[in-house]
Amino acid sequence: MASSVRNRLFAGLLFLCFGFLGFITSPAEAAIKKYQFDVQVKNVSRLCHAKPIVTINGRFPGPTIYVREGDRVLINVTNHAQYNMSIHWHGLKQYRNGWADGPAYVTQCPIQTGSSYTYDFNVTGQRGTLWWHAHILWLRATVYGAIVILPKQGTPFPFPRPYREAEIILGEWWNGNVEEFVNKANNLGLPPNSSDAHTINGKPGPLFPCSEKHTFAMEVEQGKTYLLRIINAALNDELFFGIAGHNLTVVEVDAVYTKPFTTEAILIAPGQTTNVLVQANQASGRYFMAARPFMDAPVAIDNKTATGIFQYRGIPNIVLPSLPQLPASNDTAFALSYNKKLKSLNTPNFPANVPLKVDRKLFYTIGFGKESCPTCLNGTRFVASLNNISFEMPQVGLLQAHYFNLKGVFKTDFPDRPQTPFNYTGTPLTASLGTSTGTRLSKIVFNSTVELVLQDTNLLTVESHPFHLHGYNFFVVGTGIGNFDPAKDPAKYNLVDPVERNTVGVPTGGWTAIRFRADNPGVWFMHCHLELHTGWGLKTAFVVEDGPGSDHSVLPPPKDLPPC
């Protein structure tokens, strides 16, 4: 087993090595990269259980997309599974081209069983690590993979070139059928079961039963430096990640270079990516890489640790690996300190173009509540809301409704702030403050600058929330614990080199402020990347109006757009 893993890893690394040689020596030119994604059901065994799962091309995790900045990408998705499918290319800006973004009933209707759809998009102004995943139901539990965007030909990294690199995708595993238990939980009005294991590249590691052969192993050479492209594909858990005895140097998050800093562990929320350099500079041996959850709220989670092996060449497999000392699962101080260290590179080649003047200020509260459900176990079910509005998904793509001016699909009256202000993070509240349900969007003027403050609340409970904005990067200009103070907190913003990303964590019982320029017309989803909360309604969307001229307007839809 170990030799076959080494051979596959070596072959992959050789491919990447020659790719790096190519970007140094070949002339600069854009290419068309084509991929075929077949949505297939395959039997997979983990934790002594075998079950059918939905895969891409029979692989779990799915295939890595390799492209260069400037390339055009064509990915034909053919659906052979019993579930309708859509795929989101997480973090790709898709300028004017929401038709390729992928969230079901937002930018497209899903691809029906037996049908195909070609995602056609350009990779413009981005390089680094992103990822792709199913964006319908809970299918991203097994349908996900990495996107590696190499810099343009002849453009080096702004950090020492690594000897080799590897993708590290963190995920979750359930022994049962995920869709079945989610449907059952929804019918009962209860949260579904937490996962049975966390995984590294689809494998839980030897701390779990029947998992010796289901362990990711990475062979390294003494004295060499490696680039790890780390992705959190978990559905519901923020994760700590570290390698025993080795420091990690963070150099990029969400495909944006950062000021390098060294840490023993990283914190990575669902939807986020983090690139780190690690030097194989310890005594030759076998070291566990490990991932386990961060949760500083009174919420039940899968608290088990997934492991892989960072193995020096020539060391026999009988040598027992050592475990890293990860932060405690409720270490809020580490989480806040780690996120504070993340800053944009902000150099002439990679500037941080932070909007200094704000045209539109938004304040969204994040809340939980319960609504009446006579058929549910306790007569109620959970709902989640922004500004006390729980988002209701339509039966037609929102972008289609916007582009073709279809009436009655959505309203553009989402409030800029909550109707009823209160002590958001004070004494725990059980009331929902009149939560309503609807398909209500916020309309944004093209090229205007937006500041959005996301405020956690103590409605039922406080909890951290990773929010993802489709179609955009944004700057995280401020964060804090407690209630946001509009009179005092903006004075503390970082408007020089704030971290730029596409997914940001709102701290438990706190707030986060982001800024972006609305220069990408279309309809763009924004939602909590905890699948549980998204399903309860913790989501909304922005309608960014067309700008002047055809170059600033939404592109026409493709001819093979899936029907509703």
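Since this is a predicted model, take the numbers as computed values, not measurements.

### Some remarks on the overall build of the protein chain
Item 1. Across its full length, the protein chain holds five helices and 32 strands.
Item 2. The C-alpha atoms of the protein chain give 23 Å as radius of gyration, which agrees with the globular expectation for 564 residues (24 Å, within 12%).
Item 3. For the protein chain, the C-alpha atoms occupy an extent of roughly 65 × 55 × 55 Å along the three principal directions.
Item 4. When burial is assessed residue by residue, the protein chain has 60% of its 564 residues classed as buried.

### Quick notes on the environment of Q94
Item 1. You can see Q94 is positioned in the loop between β5 (87–90) and β6 (116–122).
Item 2. Separated by 207 residues in the primary sequence, Q94 and I301 place their C-alpha atoms 34 Å from one another.
Item 3. Apart from the residues lying within four places of it in its own chain, the contact partners of Q94 are W89, A100, D101, F121, N520 and W524.
Item 4. A polar side-chain atom of Q94 sits 3.1 Å from the main-chain carbonyl oxygen of A100.

### Focus on the environment of S115
Item 1. Tracing the backbone through its elements, the reader meets S115 in the loop between β5 and β6.
Item 2. Taking the C-alpha atoms as reference points, S115 and T508, 393 residues apart in sequence, are found 42 Å from one another.
Item 3. Once residues within four sequence positions are removed from consideration, S115 is found in contact with V77, T78 and N79.

### Things to note about the pattern of salt bridges
Item 1. For the structure shown, the criterion picks out 15 salt bridges.
Item 2. With a shortest N-O distance of 2.6 Å, R72 and D120 are connected by a salt bridge. Of the two residues, R72 is situated in strand β4 (residues 72–79) and D120 in strand β6; the sequence distance between them amounts to 48 residues.
Item 3. A salt bridge links E531 to R140; the nearest nitrogen and oxygen atoms lie 2.8 Å apart. In this pair, E531 sits in helix α5 (residues 531–535) while R140 sits in the loop between β7 (128–134) and β8 (144–150), placing the two residues 391 residues apart along the sequence. Each member of the pair, E531 as well as R140, is classed as buried.
Item 4. Look at the salt bridges and you will find they share partners, linking E219, E221 and R313 into a network.

### Observations regarding the domain arrangement of the protein chain
As a measure of interface size, the accessible area lost when the parts come together is often cited.
Item 1. On domain assignment, one finds that the protein chain holds domain 1 (28–155), domain 2 (159–343) and domain 3 (360–544).
Item 2. Centre-to-centre separation of domain 1 and domain 2, based on C-alpha positions: 22 Å.
Item 3. Listed per partner, the contact involves 30 residues of domain 1 and 41 residues of domain 2.
Item 4. A combined buried area of about 3,000 Å² lies between domain 1 and domain 2, and 64% of that area is made up of carbon and sulfur atoms.
Item 5. For domain 1, the biggest contributors to the area lost against domain 2 are L47, T129 and W138; these three give 27% of the whole.
Item 6. Scanning the region where domain 1 abuts domain 2 turns up 17 residue pairs in polar contact (both at pLDDT 80 or more).
Item 7. Of all elements in the fold, only β1 (32–46), β2 (49–56), β7 and β8 reach the threshold of two or more residues within the side of domain 1 that touches domain 2.
Item 8. With five residues, the single largest contributor to the side of domain 1 that touches domain 2 is β8.

### Brief notes about helix α2 (residues 178–188)
Item 1. For α2, the set of buried residues is V178, E179, F181, V182 and A185. What you see down the axis of α2 is that its buried residues fit within an arc of 170°, all on one side. The exposed set on the far side of α2, more than 90 degrees from its buried face, consists of E180, K184 and N187.
Item 2. On its buried side, α2 packs onto β2.
Item 3. Among the residues of α2, the N-terminal cap falls to N177, whose side-chain oxygen and the backbone nitrogen of E179 are separated by 3.0 Å.

### Observations concerning the state of the cysteines
Item 1. Overall, the coordinates contain three disulfides when judged by the stated rule.
Item 2. A disulfide bridge connects C48 with C210, and the sulfur atoms are separated by 1.9 Å. Taking the torsion about the S-S bond as the criterion, the C48 to C210 disulfide, at about 95°, is right-handed. Of the two residues, C48 is situated in the loop between β1 and β2 and C210 in the loop between β10 (197–200) and β11 (217–220); the sequence distance between them amounts to 162 residues.
Item 3. Two residues share a disulfide in this structure: C373 and C376, whose sulfurs sit 2.0 Å from each other. Between C373 and C376, the S-S dihedral sits near 65°, and the bridge is therefore right-handed.

So, how was this worked out
Residues numbered from 1 in each chain as written. Predicted model: local features only at pLDDT ≥ 70, side-chain atom pairs only at ≥ 80, totals over all residues. Heavy atoms only, no water. Helix = DSSP H or I, 4+ residues; strand = E, 2+ residues; numbered from the N terminus. Rg over C-alpha atoms; globule rule 2.2 N^0.38 Å. Buried < 20%, exposed > 50% of the residue type's maximum accessible area, 1.4 Å probe, protein only. Contact = heavy atoms within 4.5 Å. Polar contact = N/O pair within 3.5 Å; in protein donor to acceptor, adjacent residues only side chain to side chain. Salt bridge = Lys/Arg side-chain N within 4 Å of Asp/Glu carboxyl O. Domains from an automatic or database assignment. Buried area = accessible area lost by both parts, 1.4 Å probe. Arc of directions from axis to C-beta. Disulfide = S-S within 2.5 Å.

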